[in-house]
Amino acid sequence: LDVDPRSGATIVADLCADNSESIAGGAYRYIACTEVLEHTAAPWAAVVELARLLAPGGLLYLSVPYNFRIHGPLPDAWRINEHGIRHLARHAGLELVELSALETPGRPLHPVHYTVVLAKDPS
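Read on for a plain summary of the structure. (Residues numbered from 1 in each chain as written. Predicted model: local features only at pLDDT ≥ 70, side-chain atom pairs only at ≥ 80, totals over all residues. Heavy atoms only, no water.)

It is worth spelling out the side chain of Asn19 at this point. Within the secondary structure, Asn19 is located in the segment before strand S1 (28-34). Judged by relative accessible area, Asn19 falls into the buried class, the value being 10%. In contact with Asn19, not counting residues within four places along its chain, are Ala13, Asp14, Glu49 and Arg52. (Helix = DSSP H or I, 4+ residues; strand = E, 2+ residues; numbered from the N terminus. Buried < 20%, exposed > 50% of the residue type's maximum accessible area, 1.4 Å probe, protein only. Contact = heavy atoms within 4.5 Å.)

Rendered as structure tokens:
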């Protein structure tokens, strides 16, 4: 899935929108979303849409930069820390299974990025 029609992705859609007319809810058992949320207009809406796309019991593998330069494709609008990740998970009704940080040497509490596993309730 990509928002850019020139990407060559199988599905072209805005991750921040409800895409239920083109993608069925619960369609995916596993979703990998790496270094994407910082480029969305509304990461909270994107996580809700990812949760909608997950099958019951499905897993979302997510990574976000934190102590990292602004990068393309623009916009690069957000830096989400551990507390923000926990809030996004709760907001989308997902359970936090694992959260790890790639620490920045000499800069405590300022990791390079986070990797996360979130789960959708199996019922």
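Quick look at the packing of aromatic side chains now. Enumeration over the complete set of coordinates arrives at three aromatic pairs. The interplanar angle of 80° and the centroid separation of 5.5 Å between the aromatic rings of Trp44 and Trp78 together place this pair among those described as edge-to-face. Taken together, the residues Trp44 in helix H1 (residues 43-53) and Trp78 in the loop between strand S2 (54-65) and helix H2 (82-92) connect sequence positions 34 residues apart. Its relative accessible area of 41% is what places Trp44 among the partly exposed residues. (Phe/Tyr/Trp six-rings, centres within 6.5 Å; stacked < 30°, edge-to-face > 60°.)

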